[in-house]
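Single-letter residue listing:
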Amino acid sequence: MFTSQVLFFGFGWLFFMRQLFKDYEVRQYVVQVVFSVTFAFSCTMFELIIFEILGALSSSSRYFHWKLNLYVILLVLIFVVPFYIGYFVVSNIRLLHRQRLLFACMVWFTFMYFFWKLGDPFPILSPKHGILSIEQLISRVGVIGVTLMALLSGFGAVNCPYTYMSYFLRNVTDSDILALERRLLQTMDMIVSKKKRIAMTRRQMYQRGEDQNKQTGFWGMIKSVTSTQTGSENLSLIQQEVDALEELSRQLFLETVDLQATKERIEYSKTFQGKYFNFLGYFFSIYCVWKIFMVKFWSQHISFILVGIIIVTSIRGLLITLTKFFYAISSSKSSNVIVLVLAQIMGMYFVSSVLLMRMSMPLEYRSIVTEVLGELQFNFYHRWFDVIFLVSALSSILFLYLAHKQAPEKHMTL
Amino acid sequence: MASLDRVKVLVLGDSGVGKSSLVHLLCQNQVLGNPSWTVGCSVDVRVQDYKEGTPEEKTYYIELWDVGGSVGSASSVKSTRAVFYNSVNGIILVHDLTNKKSSQNLYRWSLEALNKDSSPTGVIVSNGDYDREQFAENPVPLLLIGTKFDQIPENKRNEVLTRTGFLSEDFNAEEINLDCTNPRYLAAGTSNAVKLSRFFDKVSTDSQTENITDTRTNIIIIIVNSAFTYMSYI
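From a predicted model like this one, the values you see are computed outputs, not experimental measurements.

**Quick look at the sheet that holds strand E4 (residues 90-96) of chain B**
All names here are of chain B. Strand order in the open sheet made by the six strands is E2-E3-E1-E4-E5-E6, with mixed pairing throughout. For this open sheet the edge positions go to strand E2 (41-50) and strand E6 (174-177), each flanked by a neighbour on one side alone. Strand-to-strand twist in this sheet, taken as the mean axis angle between neighbours without regard to direction, amounts to 25°. In this structure, strand E5 (residues 142-147) lies alongside E6, joined through four bridges in parallel fashion. Looking at the pairing, Leu144 lines up with Glu175 of E6. Across the sheet, helix H1 (residues 19-28) lies against strand E1 (7-12), E2, strand E3 (58-67), E4 and E5, angled at about 165° from E3, the strand it touches most. Strand contacts of helix H3 (residues 100-115): E1, E4 and E5, with the helix running at about 160° to E4, the strand carrying the most contacts.

**Comments concerning the packing of aromatic side chains**
Overall, the coordinates contain four aromatic pairs over all chains when judged by the stated rule. Ring geometry for Trp65(B) against Phe84(B): centres 6.1 Å apart, planes inclined by 55°, an arrangement best described as tilted. In this pair, Trp65(B) is assigned in strand E3 and Phe84(B) in the loop between helix H2 (75-81) and E4, connecting sequence segments 19 residues apart. In this structure Trp65(B) comes out as buried when scored by relative accessible area, which is 1%. Members of the aromatic cluster, connected to one another through ring pairs, are Phe253(A), Trp65(B) and Phe84(B). Directly above the aromatic system of Trp65(B) lies the positively charged group of Lys8(B), at a separation of 4.2 Å from the ring centroid. Over the aromatic face of Phe149(B) sits the side chain of Arg157(B), whose NZ or CZ is 4.6 Å from the ring centroid.

**Focus on the confidence of the model for chain B**
On average, residues of chain B carry a pLDDT of 76, and 79% of them reach 70 or more. Under the prediction, the complex receives an ipTM of 0.77, its pTM being 0.65.

**A short note on unusual backbone geometry**
Residues and elements named next belong to chain B. Of note, the phi angle at Ser87 is positive, near 40°, even though the residue is not glycine. With respect to the element layout, Ser87 can be found in the loop between H2 and E4. Take Ser87: its relative accessible area is 39%, and that puts it in the partly exposed class. At Lys148, a position not held by glycine, the phi torsion is positive, near 60°.

**A look at the interface of chain A and chain B**
At the junction of the two partners, chain A supplies 31 residues and chain B supplies 32 residues. Applying the counting criterion to the chain A and chain B interface returns two salt bridges. Among the ionic pairs, Lys196(A) bridges to Glu63(B), the shortest N-O distance being 3.5 Å. The interface formed by chain A and chain B includes three residue pairs in polar contact (both at pLDDT 80 or more). Mapped onto the side of chain A that touches chain B, the elements with two or more residues apiece are helix H6 (174-214) and helix H7 (217-270) of chain A. With 12 residues, the top contributor of residues to the side of chain A that touches chain B is H6(A).

**A few points about H3(B)**
All names here are of chain B. Compared with the 22 Å implied by 1.5 Å per residue over 16 residues, the 24 Å span of H3 between its first and last C-alpha is a close match. Leu106 marks where H3 bends most, by close to 30°. Looking only at H3, the buried set comprises Lys101, Ser102, Ser103, Asn105, Leu106, Trp109, Ser110, Leu111, Glu112, Ala113 and Leu114.

**Observations regarding the nonpolar core**
By size, the foremost hydrophobic cluster in this structure holds 49 residues, and its most contacted members are Phe35(A), Met45(A), Leu77(A), Ile78(A) and Val141(A). Those elements that provide at least two residues to this core are helix H1 (2-20), helix H2 (29-54), helix H3 (59-92), helix H4 (100-117), helix H5 (134-164), helix H10 (335-360) and helix H12 (378-412) of chain A. Sequence-distant contacts of Ile78(A), that is, excluding residues within four places in its chain, are made with Trp108(A), Phe111(A), Met112(A), Phe115(A), Leu137(A) and Val141(A). Counting residues in each nonpolar core, the second largest holds 36 residues, with Cys41(B), Val88(B), Leu106(B) and Trp109(B) among its members.

**Quick look at the pairing of E4(B)**
Residue and element names in this part refer to chain B. Of all seven residues making up E4, seven are buried, and the element is well covered by its neighbours. Residues Gly90, Ile92, Val94 and Asp96 point to one face of E4 and Ile91, Leu93 and His95 to the other, with burial holding for every one of them. Note that E1 and E4 share four bridges and pair parallel. Note that in E4 the partner of Leu10 across the bridge is Ile91. Pairing of E4 with E5, which is carried by six bridges, proceeds in the parallel orientation. Looking at E5, one finds that Ile91 is bridged to Leu142.

**Some thoughts on the pattern of salt bridges**
With the rule as written, the count across this model stands at 10 salt bridges over all chains. The shortest N-O distance in the salt bridge between Arg81(B) and Glu112(B) comes to 3.1 Å. Here the residue Arg81(B) occupies a position in helix H2, and Glu112(B) occupies one in helix H3, the gap between them amounting to 31 residues. Judged by its relative accessible area of 1%, Arg81(B) is buried. Owing to a relative accessible area of 14%, Glu112(B) belongs among the buried residues under this scheme. A network of salt bridges, in which partner residues are shared, links Lys195(A), Glu246(A) and Asp44(B).

**A few points about the environment of Val203(B)**
All names here are of chain B. Mapped onto the fold, Val203 is located in helix H6 (residues 191-233). Here Val203 falls in the buried class, since its relative accessible area comes to 0%. When the C-alpha positions of Val203 and Leu142 are compared, they lie 9.2 Å apart, and in sequence the two are 61 residues distant. Residues within four places of Val203 in sequence aside, it is in contact with Val7, Val9, Asn89, Gly90 and Pro141.

**Examining the packing of H3(B) against helix H5 (residues 157-171) of chain B**
Residues and elements named next belong to chain B. Where H3 meets H5, the axes come as close as 12 Å, and the angle between the chain directions of the two elements is 0°. Our classification of the angle between H3 and H5 gives roughly parallel. Here H3 contributes Lys100, Ser103, Leu106, Tyr107 and Ser110 to the contact with H5, which in turn contributes Arg163, Leu167, Asp170 and Phe171. Of the residues assigned to the contact of H3 with H5, the class counts are four nonpolar, two polar and three charged.

Rules used in this analysis
- Residues numbered from 1 in each chain as written.
- Chains lettered and ligands numbered in written order.
- Predicted model: local features only at pLDDT ≥ 70, side-chain atom pairs only at ≥ 80, totals over all residues.
- Heavy atoms only, no water.
- Pairing = 2+ DSSP bridges.
- Helix = DSSP H or I, 4+ residues; strand = E, 2+ residues; numbered from the N terminus.
- Axes fitted to C-alpha atoms, helices over the stretch in contact; angles between N-to-C directions.
- Contact = heavy atoms within 4.5 Å.
- Phe/Tyr/Trp six-rings, centres within 6.5 Å; stacked < 30°, edge-to-face > 60°.
- Buried < 20%, exposed > 50% of the residue type's maximum accessible area, 1.4 Å probe, protein only.
- Lys NZ or Arg CZ within 6 Å of the ring centre and 35° of its normal.
- pLDDT = per-residue confidence, 0-100.
- Salt bridge = Lys/Arg side-chain N within 4 Å of Asp/Glu carboxyl O.
- Polar contact = N/O pair within 3.5 Å; in protein donor to acceptor, adjacent residues only side chain to side chain.
- Expected span 1.5 Å × (residues − 1).
- Bend = angle between axes of the 7 residues up to and from the residue.
- Core = buried A, V, L, I, M, F, W, Y, C linked by side-chain atoms within 4.5 Å.
- Parallel < 35°, antiparallel > 145°, perpendicular 65-115°, else oblique.
- Nonpolar A, V, L, I, M, F, W, Y, C, P; charged D, E, K, R; others polar.

In structure tokens:
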């Protein structure tokens, strides 16, 4: 049991080093440890579910491990990770650098306050439990995690067919890309020539300014005022043109990147691997559409295999999405904070998966989960998941439709 | 064909090392007040007096092309970046002295830029692995600049300077270590300023010779062509 935990810890460590932190230097080992610990305990929970179904180990030891795991995960998710997030965010802000410990504690208390307030509007548990019991904490973590899961699933269900189906791929030819690149280079050349003019004018002004300073007296003053005024007016005009051109160059660059990515996707879809994924994409898209319209999608008779597949694919999908997200928004300053936020999301995601999975397990296995997690209103979570899933799927459909609409219009103007 | 009097220098390095601050310092002689993300490529122009004080004095505009991004970017970003690497006369490699990974990534940056270089003297590059000899006979002058020098504590400075010494040997380039928020490091008369003007002079000379070689090549081609045409009438 513990060996597998160590194994998961090692895997999380490796993932961190190889994938997430490829380009950055690990200065704070705390971040790495926290991430790996979160990953290890999250995976252990899934392992326990599988053991439950298989009947491995004795019932009491399983119960013990469940409890232990739960305590540790809650500790990490609610105390450790938010505190470190606050700490790293605060240390990035230069003003508060001196008393960062104090401010980190303040941030943590604010987090706990909002975390507590979160429980009020939801009918999650019966009032006979105390304040600091497991049920209180789990219920809140569960709500956040379930919301997150539903959002991600909704978006994934819509995005998956969009990405894989070649029907959606626009027709991008090499000449389109070349034309855009030429425009980009022309814009850069224009920027360069305008900047040369600015530099030349500034130099002339500087040299003339020196001569002007030598002129004293009344006429000298008047002359200097008039000449520099026209000089600086010209300068500000050219500077405005340069700013507009720079904005244009940025947009052209982003458009070119977009076109290149589309072209690569088209090429990929023509290879054998691409065709295989294409087929999978059709299959998944049908499945996803069915999911959207059949709200009660967890039927009572889903077997152990499906649970295992769901676990593995959701872990893999989550890690891939997190990695992509990390590459998109990280920089050397904020990488620590972002990794911790990702660890938090991952932990909450896994905890709520356990909650939701209870519904898909046959009756005899549900008992231990219910026993361990106490009296939570599980039905509420399922209803909440369905609602958020629908909302997320519909809004992603709208968003993607708008984005797709906008793209062909952009290319009409080329 | 390189256009006359165009001197183009690339400024490469990982994101966040301080390329934009450096370029601003080199061109405007001022510290950049509000650094923000560079999307795509930003260009600035430095006015350089070549061979100042001699009768051959000439004023050059050196274009500093600050290309943003990271070495691990998606291939679509890399292929788009490649359009900026054409006809380059010099490369400034920037790394962050407080971050070892940024120094290591410079090998990949230089390979990315040199692989795409389409200068007429063409560098023959191996299959992408780092090869020291290729840098020894590289026609494009390189300059190595380490930033955030002020953030290194006194006791670590020697260690850092040794490391950058090895780096500059590998690239066969001069190195400058500075802090982009302090113009004192590049004040006139400092060794850093001397290295900088030497680098820019070398870049300007090379571009001149390239132009002359181009013109000479063109003239030779015209002469040979007309000779053939003349001979065909005989």
